[in-house]
Amino acid sequence: QVQLVESGGGLVQAGGSLRLSCSASGRTISTSNMGWFRQAPGKEREFVAGTTGGGGSTYYADSVRGRFTISRDNNKNAVYLQMNSLKPEDTAVYYCAASKDWYASRQISTYNYWGQGTQVTVSS
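**Student:** Just checking my understanding: could you explain the state of the cysteines for this structure?
**Tutor:** Evaluation of the coordinates by the stated rule reveals one disulfide. The disulfide partner of Cys 22 is Cys 96, and the S-S distance across this bridge is 2.1 Å. Between Cys 22 and Cys 96 the disulfide shows an S-S torsion of about -75°. By sign, it is left-handed. Here Cys 22 is found in strand S3 (residues 18–25), whereas its partner Cys 96 is found in strand S9 (residues 92–98), with 74 residues between them in sequence. Note on accessibility: Cys 22 and Cys 96 belong to one class, buried.

Here's what the structure looks like:
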């Protein structure tokens, strides 16, 4: 089992930045594909960014590419999401997720463990 706890959400003005953290416990996530997802009110949960197990390749949703950066620190068993140039449409609850597999995936169903989420609100 893996327990995930997100932190770092909050209220920020458009154009601002936030850094989300995801701390994992229970077992190492170094070989796990890790992802960030988000869910806005009335909308489905969507993929935001991911980093593969092992080599740590990164991949992004088109809507955030160039503005968001995902990274991982295997020594700290943690994953981060640096969010710059935030827009009101980025407002959502952001979730960290871990897969039992190492390979990249944007599919919710391939992630086995989820955090409780952290609210990000971007004001215009």
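**Student:** I'm lost on the sheet that holds strand S1 (residues 3–7) in this one. Help?
**Tutor:** For sheets, the rule is that strands pair by backbone hydrogen bonds, running either parallel or antiparallel. An order of S1-S3-S8-S7 is seen for the four strands of this open sheet, with the pairing classed as antiparallel. Whereas interior strands pair on both sides, the edge strands pair on one side only; in this sheet they are S1 and strand S7 (68–73). Each neighbouring strand pair of the sheet contributes to a mean axis angle of 15°, computed without reference to strand direction. Two elements, S3 and strand S8 (residues 78–83), share six bridges in a ladder whose sense is antiparallel. The partner of Leu 20 across the bridge, within S8, is Leu 81.

**Student:** It is not clear to me how the packing of aromatic side chains should be interpreted in this structure. Could you clarify?
**Tutor:** Summed over the entire model, instances satisfying the criterion amount to six aromatic pairs. Residues Phe 37 and Phe 47 carry aromatic rings whose centres are separated by 5.7 Å and whose planes lie at 75° to one another, so their mutual orientation is edge-to-face. With Phe 37 in strand S4 (residues 34–39) and Phe 47 in strand S5 (residues 46–51), this pair connects stretches of sequence that are ten residues apart. There is no split in this pair, since Phe 37 and Phe 47 are both buried. Grouping aromatic residues by their ring pairs yields a cluster made of Phe 37, Phe 47, Tyr 59, Tyr 111 and Trp 114.

**Student:** Would you mind going over the pattern of salt bridges with me for this structure?
**Tutor:** Any two side chains of opposite charge can pair, on the condition that their charged atoms come close. The final tally for this structure, using the stated rule, is four salt bridges. A salt bridge links Arg 38 to Glu 46; the nearest nitrogen and oxygen atoms lie 2.7 Å apart. Of the residues examined, Glu 46 reaches a relative accessible area of 36% and is grouped as partly exposed. The salt bridge partner of Asp 62 is Arg 65, with a shortest N-O separation of 2.6 Å. Overall, the relative accessible area of 64% leaves Asp 62 in the exposed class.

**Student:** Honestly, the pairing of S4 in this entry has me stumped. Any pointers?
**Tutor:** For a regular strand, the rule is simple: side chains alternate between the two faces of the sheet. Counting buried residues along S4, five of its six residues qualify, which places the element largely inside the surrounding structure. Taken together, the five bridges between S4 and S5 define a ladder with antiparallel strand orientation. Within S5, the position partnered with Arg 38 by the bridge is Glu 46. Between the end of S4 and the start of S5, which pair antiparallel, lie six residues, with Gly 42 showing a positive phi angle near 80°. Bridging between S4 and S9 involves six bridges; their strand directions are antiparallel.

About the cut-offs
Residues numbered from 1 in each chain as written. Predicted model: local features only at pLDDT ≥ 70, side-chain atom pairs only at ≥ 80, totals over all residues. Heavy atoms only, no water. Disulfide = S-S within 2.5 Å. Helix = DSSP H or I, 4+ residues; strand = E, 2+ residues; numbered from the N terminus. Buried < 20%, exposed > 50% of the residue type's maximum accessible area, 1.4 Å probe, protein only. Pairing = 2+ DSSP bridges. Axes fitted to C-alpha atoms, helices over the stretch in contact; angles between N-to-C directions. Phe/Tyr/Trp six-rings, centres within 6.5 Å; stacked < 30°, edge-to-face > 60°. Salt bridge = Lys/Arg side-chain N within 4 Å of Asp/Glu carboxyl O.

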